[in-house]
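Analysis of the macromolecular model
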Amino acid sequence: MKQAVMTSPGIIEYRDVPEPGQISEKDVLLRIKKIGICGSDIHVYKGKHPATSYPVVQGHEFSAVVEAVGDKVSKVKPGMRATARPQIVCGECNPCKRGQYNVCQNLRVQGFQAPGVAQELFVVPEDRVIPFPENMSFEQGAMIEPAAVGAHATSRINNLKGKNVVVSGAGTIGNLVAQFAKARGATKVLITDISDHRLKIAAGCGIEGILNVKTGSFEDGVKSFFGDEGFQAGFEAAGVDSSLDALMKNIEKGGDIVILGVYSRNPVVNMFYLGEHELNILGSLMYRHEDYETAVEMISSGKIITEPMITESFHFDQYQEAYKFILEKGEKSLKVMIDL
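1. Some points on helix H7 (residues 218-226)
Within H7, burial applies to Phe 218, Gly 221, Val 222 and Phe 226. In a view along the axis of H7, the buried residues occupy a sector of 105 degrees, so they form one face of it. Opposite its buried face, H7 presents the exposed residues Asp 220 and Ser 224, each directed more than 90 degrees away. For H7, the elements touching its buried residues are strand E10 (164-168), strand E11 (188-193), strand E12 (209-212) and helix H8 (241-250). A positive backbone phi angle near 65 degrees is found at Gly 227, which sits one or two residues after H7.

2. Quick word on the side chain of Thr 83
The residue Thr 83 is located in strand E5 (residues 81-84) in this model. Once residues within four sequence positions are removed from consideration, Thr 83 is found in contact with Phe 62, Arg 128, Val 129, Ile 130, Phe 132, Gly 141, Ile 144 and Tyr 292.

3. Describing the environment of Glu 236
For Glu 236, the position within the fold is in strand E13 (residues 233-236). Dropping the residues within four chain positions of it, Glu 236 is found in contact with Ser 168, Ser 243, Leu 244, Leu 247, Val 258, Ile 259, Leu 260, Gly 261 and Tyr 263. In terms of polar contacts, Glu 236 uses its side chain to reach the backbone amide nitrogen of Ala 238, at 2.9 Å. One polar contact links Glu 236 to Tyr 263, side chain to side chain, over a distance of 2.7 Å.

4. Details of the sheet that holds E10
Here 6 strands make up an open sheet; going across it, the order is E12-E11-E10-E13-E14-E15 and the pairing parallel. The sheet is open, and its two edges are formed by E12 and strand E15 (280-283), each paired on a single side. Direction aside, neighbouring strands of the sheet carry axes that sit 20 degrees apart on average. Where E13 meets strand E14 (residues 256-259), 4 bridges bridge the pair, whose relative direction is parallel. In the strand pairing of E14, Ala 233 is matched with Asp 256.

5. Concerning the pattern of salt bridges
On inspection of all chains with the given rule, the structure shows 13 salt bridges. For the salt bridge of Asp 317 with Lys 2, the shortest nitrogen-to-oxygen distance reads 3.1 Å. Of this pair, Asp 317 sits in the loop between strand E16 (310-315) and helix H11 (319-329) while Lys 2 sits in strand E1 (residues 2-8); the two residues are 315 residues apart in sequence, bridging distant segments of the chain. Overall, Asp 317 belongs to the partly exposed group, its relative accessible area being 40%. Taking the relative accessible area as the measure of exposure, Lys 2 reaches 28% and is therefore partly exposed. Across the pair Glu 25 and Lys 72 runs a salt bridge whose closest N-O atoms are separated by 3.7 Å. Here Glu 25 is found in the loop between strand E2 (11-16) and strand E3 (27-37), whereas its partner Lys 72 is found in the loop between strand E4 (61-69) and E5, with 47 residues between them in sequence. Given a relative accessible area of 53%, Lys 72 falls into the exposed group. Each of Lys 34, Glu 139 and Asp 339 takes part in salt bridges that share partners, so that together they form one network.

The rules behind these values
- Residues numbered from 1 in each chain as written.
- Predicted model: local features only at pLDDT ≥ 70, side-chain atom pairs only at ≥ 80, totals over all residues.
- Heavy atoms only, no water.
- Buried < 20%, exposed > 50% of the residue type's maximum accessible area, 1.4 Å probe, protein only.
- Helix = DSSP H or I, 4+ residues; strand = E, 2+ residues; numbered from the N terminus.
- Arc of directions from axis to C-beta.
- Contact = heavy atoms within 4.5 Å.
- Polar contact = N/O pair within 3.5 Å; in protein donor to acceptor, adjacent residues only side chain to side chain.
- Pairing = 2+ DSSP bridges.
- Axes fitted to C-alpha atoms, helices over the stretch in contact; angles between N-to-C directions.
- Salt bridge = Lys/Arg side-chain N within 4 Å of Asp/Glu carboxyl O.

As structure tokens, this is what we get:
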């Protein structure tokens, strides 16, 4: 079978490798259909991902068809549509024992520290497989992984119902966070960015409040949208110092801010201000199994919209061209898919 291997930054080679042999009794053999390229993949392509070495087989957000199952597999059958969590965890550290395996002390992620799905067939343990219904397309199936990020991040705040929310960053993750905040009962949701293109896509996904902070001030935009109510919850998905600073300075006292953005350098945080306003700053890493299940439920029911975020699709043989397209398009490229 064909496999795509990134041998060094910016270089992808194709190799013919043997198909998986006899699978174990608790494993599932998947035939890969769609692979989504995310921001972390681009960091690997550029040679700027601190936790990835080369060669590496990429691919961690994907959809597939179940090709075969082990003798003791019970929740999926051949022919079903499915995806799978890419996390390889130890199960023995304290975070794992208390159910927080997404922050396993020995966490490895397929596509980064372990081989990913950029190949025709892939074997994964049943406990990481998430089936999705026939009414979901393979493109939607490949969006379950980023949607699960949004599901997990919005669950970090105990209850969003009745709260006003600001999401900084209208990329794929910020867009999905904003949609999940709305789906979880937030009264009003405002999403900010410096790209009119990304904000237009967010509006097309049902987010009523959009604000370009390059052409208008954050403070004025928040005041205009929320009035005297202000906002009580914020999500930082841009990975920019100024976004975090603006959220902290404008959120209601005692508010919650969840950090999803990946920062190229450590931001300067006004700790005195944080303490004086009794703000809650929360981290959010990846997802757990229930977040995938929530993502499937929300996408299949139409509460989470993914189609407007898909910019372009490339055939598996055009993996390198897909990356070049992303780099050339810049802010006008949101989610690019690889078709097998």
